[in-house]
Amino acid sequence: MLSNLEQQPADALLALIKLHNDDPRVDKIDLGVGVYRTGQGDTPVFGAIKAAERKLLESQNSKAYLGPEGDMGFVHALMPYIFGKDDPTMGGRIEGMQAPGGTGAVRLAVALAKRAGVERIWMGLPSWPNHAQILGDLGVELKSFVHATKAGLVDMDALRTAIALAEPGDAIMLHGCCHNPTGIDYSPAQWDEIAELVAGAKLLPILDLAYQGLGQGMEEDAYGLRKLLAAVPEALIAYSCDKNFGMYRDRVGAIYVMAPDAEVLNRVLSNGHALARAAWSMPPDHGGAAVRIILEDPELTAMWLDELDTMRTRIRQVRTRLAEHGRAGSIDLVPLGTQNGLFSVLPLSTEQIQRLRSEHGIYLAGSGRINAAGLTLGNIDKFIADLTAVSA
Ligand code: LMR
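Treat the numbers as computed from the prediction; the structure is a model and nothing was measured.

**Comments concerning the overall build of the protein chain**
When its secondary structure is counted, the protein chain shows 13 helices and 13 strands. Relative to the compact-globule value of 21 Å for 392 residues, the protein chain shows a C-alpha radius of gyration of 21 Å, a close match. Judged by the C-alpha coordinates and their principal axes, the protein chain covers about 60 × 55 × 55 Å. Within the protein chain, the proportion of its 392 residues that are buried is 54%. Relative to all contacts within the protein chain whose residues are 6 or more apart in sequence, the contacts with residues 24 or more apart total 75%. Of the roughly 17,400 Å² of accessible surface on the protein chain, a fraction of 55% belongs to carbon and sulfur atoms. Positive and negative side-chain charges in the protein chain, numbering 36 and 47 respectively, have mean positions lying 3 Å apart.

Structure, rendered in structure tokens:
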């Protein structure tokens, strides 16, 4: 039977990690997969995480199973940051469970939506390529619209048209902040309109919040999510701590459900637990426990927020530096200054992306997406010069 399987290409984004590692050039630049890098080009473990891990090592007295919902202390400790301090459960209508990374949370959200009868999910493209892969794998139809115009602005007309075409009972997938791959986020005024439109069209929102704190700030980056949740009766939220706690390989995420009332909420969660049990039984514990320890300790929380601040400031500095340069060959770098998070898409052809890789040792995704955090004071001039050379 097994020889019936057809060869699959390696995931294009993850394959870049190995291609870059195998490149012997000392001045190579990795702008591929979305990990934060310091000005020295490293991705260190957060100091707050190291301290929490030490506490965990000392205090953990069992590794017995927790259950499909994972560490509920972790799940609850995040909620004031996501949903606001005043009423993080929205009057008992929001509850969550731990998931293996943001990917596990998105997958569970889509699986829950499908189980509830959703057949079509609307999503702006380009999006994180794994969104479409997850929808395809779960057999949910992807209905796409254009996320951004060529001028680098949100294409609100395309979104309005998509919502007008959508039918009640369809879902819509929205990036909470730091849009992956474009970095082009909705403004607060646009979120206000989206909240009204989605509520009016009776769509189920699925919000993917994977980069909270890397855009404008923890509170600012939650604006759209909170606005939307205030307008609709129900929603699914996929959350990742892999970026804002630097936990990438530890796979730290959560899925939250907002339901019309506590009875429906319990029923949805029971389905979440059953789906998780059949898929991964329970999430990996270590990373979630470390995040919980941070959030239970005011000093460690302050340390984490400070580290997150440093990350966001550095990303903004790189973006400002690129924008100040103006043009690199045919590429206008100015819009990068106002975009958010790690990513932006440069309008480069496949051949230009290939030339950047082969001639200059610069690795970026085939979509033209760059990870701005891969740029440092030490390599940004080379990047601009090489970009100019291939796009002139
Ligand atoms: C990315 O888009 O680079 C990250 O979200 C990593 C991933 O899992 O694709």
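**Re the site of the ligand**
Looking at the ligand, the residues that line it are Leu 13, Val 33, Gly 34, Trp 128, Asn 180, Tyr 211, Lys 243, Phe 343 and Arg 369. Within the contact set of the ligand, an oxygen atom lies 2.7 Å away from a backbone nitrogen or oxygen of Gly 34. Measuring from an oxygen atom of the ligand, one finds a side-chain N or O atom of Lys 243 at 3.1 Å. Residues belonging to the shell around the ligand are distributed by class as follows: 5 nonpolar, 2 polar and 2 charged. Of the residues that make up the shell around the ligand, three or more belong to each of domain 1 (10–45 + 300–391) and domain 2 (65–296).

**Looking at the sheet that holds strand β3 (residues 120–125)**
The pairing of strands in a sheet comes from backbone hydrogen bonds and takes either a parallel or an antiparallel form. Sheet architecture is open: 7 strands sit in the order β2-β8-β7-β6-β5-β3-β4, paired in mixed fashion. Single-partner strands in this sheet number two, and they are β2 (94–100) and β4 (141–146). Taking each pair of neighbouring strands and ignoring which way they run, the sheet shows an average axis angle of 25°. One ladder, built from 5 bridges, connects strand β5 (residues 171–175) with strand β6 (residues 204–209); its direction is parallel. Directly across from Ile 172, in β6, lies its bridge partner Pro 205.

**Structural notes on the environment of Pro 260**
Take Pro 260: it is sitting in the loop between β8 (252–258) and α9 (262–279). With sequence-adjacent residues up to four places away left out, Pro 260 is seen in contact with Arg 93, Pro 233 and Glu 234.

**Some remarks on the packing of helix α12 (residues 350–360) against helix α13 (residues 380–391)**
Angle between the axes and distance between the axes are the two parameters that describe a pair of packed helices. One can describe the packing of α12 onto α13 by two numbers: an axis separation of 10 Å at closest approach and a directional angle of 125°. Classified by the angle between their axes, α12 and α13 sit oblique to one another. When the axes of α12 and α13 are compared, the crossing they make is right-handed. For the pair α12 and α13, contact is made by Gln 352, Arg 355, Leu 356 and His 360 and by Lys 382, Asp 386, Leu 387, Ala 389, Val 390 and Ser 391, respectively. A breakdown of the residues in the contact of α12 with α13 according to their chemical character gives 4 nonpolar, 3 polar and 3 charged.

**Considerations on the packing of aromatic side chains**
This model, assessed by the stated rule, comprises 5 aromatic pairs. Between Tyr 186 and Trp 191 the ring centres are 5.0 Å apart and the planes differ by 80°, which places this aromatic pair in the edge-to-face class. There is no split in this pair, since Tyr 186 and Trp 191 are both buried. For the ring pair Tyr 211 and Phe 343, a centre distance of 5.7 Å and an interplane angle of 80° mean the geometry is edge-to-face. In this pair, Tyr 211 sits in the loop between β6 and α8 (223–231) while Phe 343 sits in strand β11 (residues 343–345), placing the two residues 132 residues apart along the sequence.

**Quick look at the pattern of salt bridges**
Here the structure, examined in full by the defined rule, presents 21 salt bridges. Taking the shortest distance from any N to any O, the salt bridge between Glu 219 and Arg 226 comes out at 2.9 Å. What makes Arg 226 partly exposed here is its relative accessible area of 22%. Across the pair Arg 321 and Asp 381 runs a salt bridge whose closest N-O atoms are separated by 2.4 Å. Highlighted residues: Arg 321 in helix α11 (residues 298–325) and Asp 381 in helix α13, separated in sequence by 60 residues.

**Regarding the domain arrangement of the protein chain**
Per the domain assignment, the segments of the protein chain are domain 1 (10–45 + 300–391) and domain 2 (65–296). For domain 1 versus domain 2, the distance between C-alpha centres works out to 26 Å. Regarding the contact of domain 1 and domain 2, the summed buried area is about 2,100 Å², with carbon and sulfur atoms giving 60% of it. On the domain 1 side of the contact with domain 2, Trp 304, Arg 312 and Asn 340 bury the most area, a combined 30% of that side's loss. Here domain 1 is connected to domain 2 by 0 salt bridges. Applying the counting criterion to the domain 1 and domain 2 interface returns 11 residue pairs in polar contact (both at pLDDT 80 or more). A per-element tally of the side of domain 1 that touches domain 2 places α11 first, with 9 residues.

Thresholds, definitions, all that
- Residues numbered from 1 in each chain as written.
- Predicted model: local features only at pLDDT ≥ 70, side-chain atom pairs only at ≥ 80, totals over all residues.
- Heavy atoms only, no water.
- Helix = DSSP H or I, 4+ residues; strand = E, 2+ residues; numbered from the N terminus.
- Rg over C-alpha atoms; globule rule 2.2 N^0.38 Å.
- Buried < 20%, exposed > 50% of the residue type's maximum accessible area, 1.4 Å probe, protein only.
- Contact = heavy atoms within 4.5 Å.
- Areas by Shrake-Rupley, 256 points an atom, 1.4 Å probe, with all protein chains shown as cover.
- Lys, Arg positive; Asp, Glu negative; His and termini not counted.
- Charge placed at Lys NZ, Arg CZ, Asp CG, Glu CD.
- Near = heavy atom within 4 Å.
- Polar contact = N/O pair within 3.5 Å; in protein donor to acceptor, adjacent residues only side chain to side chain.
- Nonpolar A, V, L, I, M, F, W, Y, C, P; charged D, E, K, R; others polar.
- Domains from an automatic or database assignment.
- Pairing = 2+ DSSP bridges.
- Axes fitted to C-alpha atoms, helices over the stretch in contact; angles between N-to-C directions.
- Parallel < 35°, antiparallel > 145°, perpendicular 65-115°, else oblique.
- Left-handed = near helix turned anticlockwise from the far one by under 90°.
- Phe/Tyr/Trp six-rings, centres within 6.5 Å; stacked < 30°, edge-to-face > 60°.
- Salt bridge = Lys/Arg side-chain N within 4 Å of Asp/Glu carboxyl O.
- Buried area = accessible area lost by both parts, 1.4 Å probe.

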